[in-house]
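Survey of secondary and tertiary structure
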Amino acid sequence: MAVKDRDRFSTATRIKLLGEQTAARVYRSQTKRQARRSRLTGRAALLALVLCTLIVALAYPMRQYVSQRAEIADLQREKREARERVEQLRDLKARWQDDAYAEQQIRLRLHYVMPGETGFVVVDPDAAEQSRADQGAADRPWYSNVWDGVDKSDAAAGR
């Protein structure tokens, strides 16, 4: 045992132990450095920079392209609706060229009657009752009647 204890405190053993500890420290620092390096290399950083630059450079033209495509689609839809409206107006114009249709519309809209016919106008009972309710307007001040007229005309225009 004495030889082992002496061997433990010998200079050669101490130097050997110190060398092993130093080698372990160097190995740990190298593996840490290598682990850090392997995460992001210079090439990877350059590649990331190039990709970011391309994305930024292409973002605005792509946004413009998408918005222009949407605008083109809207204009095509409006064009299609305008064509449909033109077709409707052409049909209406062709109908008005027919004397029977024109006569029917004149009778309906202007309440004209042919000679020898008797014309009747049917009054809506709800409208007659509403006009009776308005007869109470004489009891109110004039500005209330004016304001009610403004409200009624505004409601009619909103329809």
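In this text, all values refer to a predicted model and were calculated from it rather than measured experimentally.

Here we come to the overall build of the protein. Tallying secondary structure elements over the protein gives 6 helices and 0 strands in all. Along the protein, helices and strands appear, N-terminal first, in the series α-α-α-α-α-α. Each of the 159 residues in the protein was classed as buried or not, and the buried ones make up 3%. Here the protein has roughly 15,100 Å² of accessible surface; of this, 59% comes from carbon and sulfur atoms.

Moving on, we get to the pattern of salt bridges. If you walk through the whole model with that rule in mind, you get 4 salt bridges. A salt bridge links Arg90 to Glu87; its shortest N-O distance comes to 3.3 Å. Taken together, the residues Arg90 and Glu87, both in helix H3 (residues 42-97) and 3 residues apart, mark about one turn of the helix. Residue classification places Arg90 among the exposed residues on the basis of a relative accessible area of 54%. Exposure remark for Glu87: the relative accessible area of 42% places this residue in the partly exposed category. Ionic pairing is found between Arg107 and Glu117, a salt bridge with its closest N-O pair at 2.9 Å. Of the two residues, Arg107 sits in helix H4 (residues 99-110) while Glu117 sits in the loop between H4 and helix H5 (125-134), which places them 10 residues apart along the sequence.

Here the focus is the packing of aromatic side chains. If you walk through the whole model with that rule in mind, you get 2 aromatic pairs. Here Trp96 and Tyr101 contribute two aromatic rings whose centre-to-centre distance is 5.4 Å and whose plane-to-plane angle is 80 degrees, an arrangement assigned as edge-to-face. The class of Trp96 is partly exposed, set by a relative accessible area of 34%. Assessed through its relative accessible area of 16%, Tyr101 is described here as buried.

Once that is clear, we can look at the side chain of Gln105. In this fold, Gln105 is placed in helix H4. The exposure class of Gln105 is buried, given its relative accessible area of 9%. The contacts of Gln105, once residues within four sequence positions are left out, are Trp96 and Leu110.

Moving on, we come to H4. The periodicity of an α-helix, 3.6 residues per turn, causes residues three or four places apart in sequence to face the same way. Between its first and last C-alpha, H4 extends 16 Å over 12 residues, near the 16 Å set by a 1.5 Å rise per residue. For H4, the elements touching its buried residues are H3. Just beyond H4, the residue with positive phi is His111, at close to 60 degrees.

On average, residues of the protein score 83 in pLDDT, and 81% of them reach the 70 mark or higher. Mean pLDDT values for the elements of the protein range from 56 in helix H1 (residues 2-8) up to 95 in H3.

A positive phi angle, close to 60 degrees, is found at His111, a residue other than glycine. Assignment of secondary structure puts His111 in the loop between H4 and H5. With a relative accessible area of 59%, His111 lands in the exposed category.

The rules behind the values
- Residues numbered from 1 in each chain as written.
- Predicted model: local features only at pLDDT ≥ 70, side-chain atom pairs only at ≥ 80, totals over all residues.
- Heavy atoms only, no water.
- Helix = DSSP H or I, 4+ residues; strand = E, 2+ residues; numbered from the N terminus.
- Buried < 20%, exposed > 50% of the residue type's maximum accessible area, 1.4 Å probe, protein only.
- Areas by Shrake-Rupley, 256 points an atom, 1.4 Å probe, with all protein chains shown as cover.
- Salt bridge = Lys/Arg side-chain N within 4 Å of Asp/Glu carboxyl O.
- Phe/Tyr/Trp six-rings, centres within 6.5 Å; stacked < 30°, edge-to-face > 60°.
- Contact = heavy atoms within 4.5 Å.
- Expected span 1.5 Å × (residues − 1).
- pLDDT = per-residue confidence, 0-100.

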